[in-house]
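Overview (structure and organization)
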Amino acid sequence: MWFQFLCASALCLVALFAPGFVALLSAGASFGASLACAPALCVAAYAVLAILFPALGVSASFRSLFCPALALALLISLVCLVARRRRLRLATDLRERTALSVGLPMLYAIVGVAVGTVFFVRNLDTAASFYQAFDNVHHLNSIRSFVDSGNYSSFNSAVYLESAGSLASPYLWSSSSFYPSAWHGLVSMVVQALGIPITVGINAVNTMLLCAVFPVGVYELLRVLTRDKKLVFLGAFLSVAFTASVWDFVTFGPLYPMLLSYALVPSVSACFVRGVGRGVSRPRAAASLLVFAVGCIGVALAQPAGIFLMGAFLAPYCVHRAAEVAREGRGKAFGRTVGCVTALLIVAFWVFCYSLPQFKSTVEFNWPKTSSHFQGLVDVLLLSFTWHPVQIGLAVFVLVGFVRVAQSKKLRWLDFSYAFVCITYIVNISTEGTLKHLLGGFWYTDAHRLGANVCIVALPLAVIGAQAVLNWLVCVFGALKEKCESPRRLTACQAAAGSFAVLVALVYCPSFEVRGVTSVDTSFGHYASMTASENDFEAEHVLSTDELKFAQEALSLIPEGSGIINEPNDGSGFLYSLLNANIYYRSFDLPALENEKEESAAVRQGLDKVAFDSSIQDAVRKTGAKYLLVLDQGKKPGNTPHFWSYFPEQWKGIEDIDDSTPGFSVVLSRDDMRLYKIDAVN
């Protein structure tokens with residue numbers, strides 16, 4: 001399966017980079033900018049096409065999505081060539097741009113791949129391992145539905161495809177509600193094109209987002225912010241250093257759509273900074289803002305929380321630029337006034353968005369407070385968010401960078417962005433009330449999401465601080481060299497670079513033990529351990545390896561597509577996505593009673609009486625199911641893993657069935673696992 005993983009990773013890179021890169025490079029962008037911003041354009045194109053295709057009667061697939069995007073990119077390239085009428089000179093420019101800018105973005109990707117391989121990929125049990133979490137069943141089911149239906153739209157939430165022979169849904173809710181599905185569509189493209197297991201596609205796509213898309217986007221953001229090549233070079237080694245940033249989205253939740261959205265945030269933010277920056281020509285500014293607008297579509301259709309992160313990050317920059325422009329024409333006092341008015345307008349717009357009905361369910365969602373104000377401050381200062389151990393070296397870089405930026409008129413706005421996300425995190429983990437939801441409601445008041453916000457905004461500060469530390473080391477070693485009159489074979493710069501390399505290496509240090517003294521749980525070591533435990537097939541999970549094998553064997557014994565009643569909390573809720581099993585219950589929790597069909601309630605509460613209760617027989621016939629699958633027969637709730645959604649009394653009619661229950665015959669039996677045929681309705 002690892003070969004499939006490599007093929008899927010390569011195909012994912014082609015899908016994410018090729019069309020956008022061709023379009024941007026031909027339009028005159030540098031190699032690095034084209035590479036960094038390409039994924040945002042591609043994601044936007046695929047997500048929008050996926051929404052349009054159902055209305056046009058077109059089935060979504062890798063070919064039907066990738067080919068139009070690439071064709072549009074080639075058309076843009078052709079238009080640019082014809083408009084300039086200087087094909088030969090353009091080729092020369094391309095070689096020059098490549099020589100100047102290809103090295104640094106590739107270095108970011110190389111560092112990302114190295115870190116991702118050591119701490120993420122290497123800790124996957126197999127290329128097909130997956131995180132058995134409550135939220136993950138939605139992601140898995142959506143991808144299975146997308147691949148089977150050819151409908152990748154964010155307005156398609158159907159996981160019961162009756163036209164393809166699926167059982168009818170046991171619930172009454174609409175299948176056309178909106179859910180941002182750009183990530184699901186991207187995985188579906190890869191899975192459909194290669195015919196690989198869904199879980200392999202998920203691991204491949206997530207790896208490329210973590211190791212390539214995000215770090216290359218950070219490169220572009222740092223380049224636009226500072227224009228300092230040495231600083232941008234140092235940034236390559238810190239772009240993926242925060243374990244509580246995008247890394248957290250694959251070990252908590254999992255929050256895969258957030259991963260895609262936040263992976264695009266740095267490059268899209270860079271387009272805005274460049275577009276409204278000082279000394280930029282109008283054509284270039286217009287082009288940058290156009291890419292920014294299209295990129296925002298990609299971010300929003302991945303997860304709208306990314307838009308609000310960019311708002312928190314860029315709002316102080318808008319105030320800074322508005323005041324700067326006003327000051328140049330009318331003086332400092334007028335500049336301050338314009339800056340204040342701009343800030344008030346931004347606050348008003350934030351409150352307006354908070355009050356919109358469309359965001360009501362999001363901003364009112366509440367994660368209860370878990371810590372004190374002081375603990376929140378400690379988390380921010382030491383970068384020890386949620387369950388992540390401290391990152392002291394990185395925290396020092398951030399603190400030094402915060403101080404250095406405060407002294408820079410050009411970048412001082414970064415401190416305000418950082419202060420906002422830090423305050424939002426502290427308020428949300430330590431208080432309850434309106435202010436908590438007003439500040440952090442767009443991220444569900446969730447400490448993990450808010451901690452990731454802090455880390456991403458802190459990234460430029462960490463790199464600036466790291467450069468300051470390196471410069472200080474050069475001065476220290478230079479002074480020591482003069483004082484001690486050491487040999488010239490080792491220069492002060494070389495000694496400082498070596499010491500700095502050690503400091504950076506310590507950021508990525510795995511956990512270790514000082515035998516007989518203590519054990520040290522580092523942040524990346526802890527992350528690797530979490531990844532390994534969550535993806536260990538042999539560990540105790542809701543769906544065990546034996547249960548998965550039993551389900552595969554059971555499906556081989558019955559006609560393909562046969563309807564199966566199940567109790568999802570025994571692990572069978574995963575079987576639709578993993579094995580394409582036509583199971584009746586495909587989510588672990590139940591909706592409100594008014595949203596459940598009568599036959600579903602009858603089956604849950606009375607299936608054990610099907611042999612002599614005609615109303616239960618009619619209910620089973622309405623479902624269309626002919627078999628019953630049980631994976632935890634006779635086990636008490638405390639003796640087997642379950643999600644929080646499991647309440648035994650809700651499934652009494654299924655869990656009271658055993659081999660002696662009339663109306664059922666055993667098709668396959670092993671330990672506490674059974675496949676029954678429902679004879680009473682067959």
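A brief structural summary. Quick caveat, the model's predicted, so the values are computed rather than measured.

**So, the overall build of the chain**
In terms of helices and strands, the chain carries 26 helices and six strands. In terms of overall dimensions, the chain is globule-like: its C-alpha atoms have a radius of gyration of 28 Å, near the 26 Å expected for 682 residues. C-alpha atoms of the chain, sized along the principal axes, occupy 95 × 70 × 50 Å. Among the 682 residues that make up the chain, the fraction classed as buried is 55%. In the chain, the proportion of contacts linking residues at least 24 apart, taken out of those at least 6 apart, comes to 74%. Surface summary for the chain: the accessible area is close to 29,400 Å², and the carbon and sulfur share equals 64%. For the chain, the distance from the average position of its 50 positive side-chain charges to the average position of its 47 negative side-chain charges is 21 Å.

**What to know about the nonpolar core**
Counting residues in hydrophobic clusters, the biggest one holds 173 residues, and the most contacted among them are Tyr262 and Tyr418. Top contributing element to this core by residue count: helix H8 (residues 198-226), with 18 residues. Every residue in contact with Tyr418, bar those within four places of it in the chain, is listed here: Val380, Val398, Phe402, Val454, Val457, Ala458 and Leu461. With 23 residues, the next largest nonpolar core counts Ile565, Ile616, Val620 and Ile678 among its residues.

**Concerning helix H5 (residues 103-119)**
Helix length check: H5, at 17 residues, gives a terminal C-alpha distance of 24 Å against a target of 24 Å (1.5 Å per residue), a fit within 8%. Pro105, Leu107, Tyr108, Ala109, Val111, Gly112, Val115, Gly116 and Phe119 are the residues of H5 that are buried.

**Let's talk about the packing of aromatic side chains**
Applying the stated criterion across every chain, the model contains 42 aromatic pairs. Ring geometry for Phe249 against Tyr262: centres 5.3 Å apart, planes inclined by 85 degrees, an arrangement best described as edge-to-face. Of the two residues, Phe249 sits in the loop between helix H9 (229-235) and helix H10 (256-275) while Tyr262 sits in helix H10, which places them 13 residues apart along the sequence. Their ring planes at 50 degrees and their centres at 5.0 Å tell us that Phe272 and Phe292 sit as a pair that is tilted.

**Comments concerning the pattern of salt bridges**
Any two side chains of opposite charge can pair, so long as their charged atoms come close to each other. Within this structure, the stated rule accounts for 15 salt bridges. Across the salt bridge formed by Glu324 and Arg278, the nearest N and O atoms sit 3.3 Å from each other. Taken together, the positions of Glu324 in helix H12 (residues 305-330) and Arg278 in the loop between H10 and helix H11 (282-302) put the pair 46 residues apart, joining distant regions of the chain. Judged by its relative accessible area of 12%, Glu324 is buried.

**Observations concerning H8**
Under the 1.5 Å per step criterion, the end-to-end length of H8 is 41 Å for 29 residues, consistent within 8% with the ideal 42 Å. One or two residues past the end of H8 sits Arg227, with phi positive at roughly 60 degrees.

**Re the environment of Phe292**
Summarising the element assignment, Phe292 is placed in helix H11. By relative accessible area, which is 17% here, Phe292 ends up buried. Measuring from C-alpha to C-alpha, the distance between Phe292 and Leu41 comes to 9.0 Å, with 251 residues separating the pair along the chain. Those residues in contact with Phe292 that sit more than four places away from it in its chain are Val268, Cys271, Phe272, Met310 and Leu314.

**Digging into the side chain of Ser417**
Relative to the helices and strands, Ser417 resides in helix H17 (residues 413-430). Among all residues touching Ser417, those that are not within four sequence positions of it are Ala312, Phe313, Pro316 and Val457.

**Overview of the pairing of strand S6 (residues 673-678)**
In terms of burial, S6 is a largely internal element, five of the six residues being buried. The pairing of strand S4 (residues 627-630) with S6 spans four bridges and is antiparallel. Counterpart to Leu629 in the pairing with S6 is Leu675. As paired elements, strand S5 (residues 664-670) and S6 share six bridges and run antiparallel to each other. Opposite Leu668, over in S6, you have Leu675 as the bridge partner. The antiparallel pairing of S5 with S6 creates a hairpin that spans two residues between the two strands, and Asp671 there sits at a positive phi of about 50 degrees.

**Observations concerning a positive patch on the surface**
On the surface, Arg327, Lys332, Arg336, Lys409 and Arg412 cluster together to form a positively charged patch. Here Lys409 lies in the loop between helix H16 (392-406) and H17.

**A look at a negative patch on the surface**
A cluster of like negative charges, contributed by Asp125, Glu538, Asp546 and Asp671, occupies part of the molecular surface. Structurally, Asp546 is set in helix H22 (residues 545-556).

**A short note on the environment of Leu675**
As for its placement among the helices and strands, Leu675 is situated in strand S6. With a relative accessible area of 1%, Leu675 lands in the buried category. In this structure the C-alpha to C-alpha distance between Leu675 and Arg122, which are 553 residues apart in sequence, comes to 36 Å. Sequence-distant contacts of Leu675, that is, excluding residues within four places in its chain, are made with Phe550, Ala554, Ile558, Tyr627, Leu628, Leu629, Ser665, Val666, Val667 and Leu668.

**With respect to the packing of helix H19 (residues 447-484) against helix H20 (residues 492-507)**
Contact geometry for H19 and H20: axes closest at 8 Å, N-to-C directions at 135 degrees. Compared by their axis directions, H19 and H20 come out oblique. The way H19 lies across H20 gives a crossing that is right-handed. Here H19 contributes Ala466, Val469, Leu470, Leu473, Val474, Phe477, Gly478 and Lys481 to the contact with H20, which in turn contributes Ala492, Cys493, Ala495, Ala496, Ala497, Ser499, Phe500 and Leu503. Residues that form the contact of H19 with H20 fall into these classes: 13 nonpolar, two polar and one charged.

**What to know about the sheet that holds S5**
Two pairing modes exist for strands in a sheet, parallel and antiparallel, and in both the strands are linked by backbone hydrogen bonds. Strand order in the open sheet formed by four strands is S3-S4-S6-S5, and the pairing between neighbours is mixed. Strand pairing shows two members of the sheet lacking a second neighbour, strand S3 (564-566) and S5, which therefore form its edges. On average, each strand axis in the sheet is inclined to that of its neighbour by 25 degrees, with strand direction left out of account.

**Notes on a nonpolar patch on the surface**
Judged by side-chain polarity, Phe374, Leu377, Leu381, Leu382, Val390, Ile392 and Val396 come together as a nonpolar surface patch covering roughly 630 Å² of accessible area. Tallying contributions element by element places helix H15 (residues 373-382) first for the nonpolar patch, with four residues. Tracing the backbone through its elements, the reader meets Leu377 in helix H15.

**Concerning the packing of H5 against H8**
Axis separation between H5 and H8 bottoms out at 8 Å; the angle between their running directions is 140 degrees. Relative to H8, H5 is oriented oblique. Remark: the crossing between H5 and H8 carries right-handed chirality. Taking contact as the criterion, the partners of Leu104, Pro105, Tyr108, Ala109, Gly112, Val113 and Gly116 in H5 are, on H8, Cys211, Pro215, Val216, Val218, Tyr219 and Leu222. Taken together, the residues that form the contact of H5 with H8 break down as eleven nonpolar, two polar and no charged.

The rules behind the values
- Residues numbered from 1 in each chain as written.
- Predicted model: local features only at pLDDT ≥ 70, side-chain atom pairs only at ≥ 80, totals over all residues.
- Heavy atoms only, no water.
- Helix = DSSP H or I, 4+ residues; strand = E, 2+ residues; numbered from the N terminus.
- Rg over C-alpha atoms; globule rule 2.2 N^0.38 Å.
- Buried < 20%, exposed > 50% of the residue type's maximum accessible area, 1.4 Å probe, protein only.
- Contact = heavy atoms within 4.5 Å.
- Areas by Shrake-Rupley, 256 points an atom, 1.4 Å probe, with all protein chains shown as cover.
- Lys, Arg positive; Asp, Glu negative; His and termini not counted.
- Charge placed at Lys NZ, Arg CZ, Asp CG, Glu CD.
- Core = buried A, V, L, I, M, F, W, Y, C linked by side-chain atoms within 4.5 Å.
- Expected span 1.5 Å × (residues − 1).
- Phe/Tyr/Trp six-rings, centres within 6.5 Å; stacked < 30°, edge-to-face > 60°.
- Salt bridge = Lys/Arg side-chain N within 4 Å of Asp/Glu carboxyl O.
- Pairing = 2+ DSSP bridges.
- Patch = residues over 30% accessible without salt bridge, like charges linked within 9 Å, V, L, I, M, F, W, Y side chains within 5 Å.
- Axes fitted to C-alpha atoms, helices over the stretch in contact; angles between N-to-C directions.
- Parallel < 35°, antiparallel > 145°, perpendicular 65-115°, else oblique.
- Left-handed = near helix turned anticlockwise from the far one by under 90°.
- Nonpolar A, V, L, I, M, F, W, Y, C, P; charged D, E, K, R; others polar.

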